[in-house]
Amino acid sequence: MPELPEVEVVRAGVEPAVTGARVTAVEVFEPRSLRRHDPLTGPFAPQLEGHRLLGAVRRGKFLWLPIDTGRALVIHLGMSGQVLLREPGSEADRQLRIRLHLEHPDHGELWLNFADQRIFGSMAIDRMQPTGDGLPGGYAGAGTGAWSGLIPDQVAHIARDLIDPDFGTDGALAALARRGSGIKRVLLDQTWVSGIGNIYADEALFAAGLHYEQPASSLSRTEGIRLLDAVRTVLMRALAEGGTSFDAQYVNVNGQSGYFSHSLAVYGRQGTACPRCGTLLVREQFMNRSSHLCPVCQRLH
């Protein structure tokens, strides 16, 4: 499943192409890709056609494009969603579900294709609401605008992520101290800190020297800060390398796969030597997935 670095690669890729672009036409090839669109807001295509897109914003794994109507096009990649920029007349991408025809004042005509093999992703027009803290709704790169203090209704419950410059460390640590669950469960809870999936949770816990079942409330402030720093470092490294790609369905806006998988320290490396102490790494059952760790470097205290 695409995680924060993959979604940020997409956001940064589409931002220059969509900012200021007018939507001239919308083609919906698969109605199921509109499953998160609330029909009470009105039909999908007419809320885009003839209107301008104002930027590209991300919080955690959610991406949205503000529209000049005051609403936003929310894009959720699900497990296999792709957002691809194409020249008009290009051969249709496999599993193409939705296409936006764009007219950009600098780049001319473009197609923004939404492809999705498993159809768990979606596009939806959503209402916007003010952010609870009065700060920008999400990470928008260098982009700013009157919409920056707003967030789509569908995304309002999602916490800020560690790449967001408005992330609040003190608030996150205070919330962590109130959680009795194992630390990995908390890391995967998108209402605490967003954008962390199974791969990056395992990598960050190894970097911080913490066992995945260590109760979150048992961490000292120093350990909590070390964990947040580890998550941020892992995410930024993955972002710099293009994201993690185990699924051939994940590609960025130009159709290129990520390659951070070559730099993973523990995830998927069970049976190989720990890069820190040489002990064989193990894989253990965790919820309906797995955890990868070093039994020596990450002891449960």
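A quick note: this is a predicted structure, and the numbers were derived from the prediction, not measured.

Asks: Can you break down the packing of helix α1 (residues 4-18) against helix α5 (residues 221-240) residue by residue, with the values?
Replies: For the pair α1 and α5, interaxial distance at closest approach is 9 Å and the crossing angle is 45°. Classified by the angle between their axes, α1 and α5 sit oblique to one another. The crossing of α1 and α5 is right-handed. Facing L4, P5, E8 and V9 of α1, the residues of α5 in contact are L235, A238 and L239. Residue classes in the contact of α1 with α5 are distributed as six nonpolar, no polar and one charged.

Asks: Let's hear about α5: which residues, and what values?
Replies: For α5, built from 20 residues, the straight-helix expectation of 28 Å at 1.5 Å per residue is met to within 8% by its first-to-last C-alpha distance of 28 Å. For α5, the full list of buried residues reads G224, L227, L228, A230, V231, V234, L235 and A238. Along the axis of α5, the buried residues cluster in a sector spanning 155°; they form a single face. In this structure, α5 carries R221, T222 and A240 as exposed residues pointing more than 90 degrees from its buried face. For α5, the elements touching its buried residues are α1, α2 (169-177), α3 (183-187) and α4 (198-208).

Asks: Can you break down the state of the cysteines residue by residue, with the values?
Replies: On inspection of all chains with the given rule, the structure shows zero disulfides. No disulfide involves C274; its sulfur sits 3.7 Å from the nearest other cysteine sulfur, which is in C294. Of the residues examined, C274 reaches a relative accessible area of 5% and is grouped as buried. You can see C294 has no disulfide; the closest cysteine sulfur is in C277, sitting 3.6 Å from it.

Asks: Lay out the pattern of salt bridges in plain terms, naming residues and giving numbers.
Replies: Taken as a whole and assessed by the stated rule, the structure comprises 14 salt bridges. Residues E27 and R99 are paired through a salt bridge, measuring 3.3 Å at the closest nitrogen-oxygen approach. In this pair, E27 sits in strand β1 (residues 22-28) while R99 sits in strand β6 (residues 96-104), placing the two residues 72 residues apart along the sequence. Owing to a relative accessible area of 27%, E27 belongs among the partly exposed residues under this scheme. Taking the shortest distance from any N to any O, the salt bridge between R221 and D170 comes out at 3.0 Å. Of this pair, R221 sits in helix α5 while D170 sits in helix α2, placing them 51 residues apart in sequence. Beyond isolated ion pairs, a larger network of salt bridges with shared partners links E8, R11, E15, R58 and D161.

Asks: Account for α1, with residues named and values stated.
Replies: The end-to-end C-alpha distance of α1, which contains 15 residues, comes to 20 Å, matching closely the 21 Å that a straight helix rising 1.5 Å per residue would cover. The buried count for α1 comes to 12 of 15 residues, which makes it a mostly enclosed element. Within the sequence span of α1, burial applies to L4, P5, E6, V7, E8, V9, V10, R11, V14, E15, A17 and V18. Note on α1: the residue one or two positions beyond its end, G20, has a positive phi of about 85°.

Asks: Go over the packing of aromatic side chains with me, naming the residues and quoting the values.
Replies: For any pair of aromatic rings, the description consists of the separation of the ring centres together with the inter-plane angle of the planes. Within this structure, the stated rule accounts for one aromatic pair. An angle of 80° between the planes, with centres 5.6 Å apart, marks the rings of Y212 and F286 as edge-to-face. With Y212 in the loop between α4 and α5 and F286 in strand β11 (residues 282-286), this residue pair connects regions lying 74 residues apart in the sequence. An identical accessibility class is assigned to Y212 and F286; each is buried. Here R99 stacks its cationic end above the ring of W111, 3.7 Å away from the centre of that ring. The ring of F206 has R276 sitting right over it, with the charged end atom 4.1 Å from the ring centre.

Asks: Please give an account of the nonpolar core that cites residues and values.
Replies: Judged by nonpolar contacts, the single largest core of 35 residues is most densely connected at L176, I183, L187, W192, L227 and V231. At the level of elements, α2, α3, α4 and α5 are the ones that each hand at least two residues to this core. Sorting elements by how many residues they give to this core places α5 first, with seven residues. Those residues in contact with W192 that lie beyond four places of it in its chain are A159, A172, A175, L176, R179, V186, L187 and L228. Counting 30 residues, the second largest nonpolar core, distinct from the first, contains L53, L63, L65 and I67.

Asks: Quick rundown of the sheet that holds strand β3 (residues 62-66)? Include the residues and the values.
Replies: Read across the open sheet, the four strands follow the order β2-β3-β4-β8; overall the sheet is antiparallel. In the strand order of this sheet, the two ends are held by β2 (57-59) and β8 (122-126), each with one partner. Within this sheet the neighbouring strands show an average axis-to-axis angle of 25°, counted without direction.

Criteria and cut-off values
- Residues numbered from 1 in each chain as written.
- Predicted model: local features only at pLDDT ≥ 70, side-chain atom pairs only at ≥ 80, totals over all residues.
- Heavy atoms only, no water.
- Axes fitted to C-alpha atoms, helices over the stretch in contact; angles between N-to-C directions.
- Helix = DSSP H or I, 4+ residues; strand = E, 2+ residues; numbered from the N terminus.
- Parallel < 35°, antiparallel > 145°, perpendicular 65-115°, else oblique.
- Left-handed = near helix turned anticlockwise from the far one by under 90°.
- Contact = heavy atoms within 4.5 Å.
- Nonpolar A, V, L, I, M, F, W, Y, C, P; charged D, E, K, R; others polar.
- Expected span 1.5 Å × (residues − 1).
- Buried < 20%, exposed > 50% of the residue type's maximum accessible area, 1.4 Å probe, protein only.
- Arc of directions from axis to C-beta.
- Disulfide = S-S within 2.5 Å.
- Salt bridge = Lys/Arg side-chain N within 4 Å of Asp/Glu carboxyl O.
- Phe/Tyr/Trp six-rings, centres within 6.5 Å; stacked < 30°, edge-to-face > 60°.
- Lys NZ or Arg CZ within 6 Å of the ring centre and 35° of its normal.
- Core = buried A, V, L, I, M, F, W, Y, C linked by side-chain atoms within 4.5 Å.
- Pairing = 2+ DSSP bridges.

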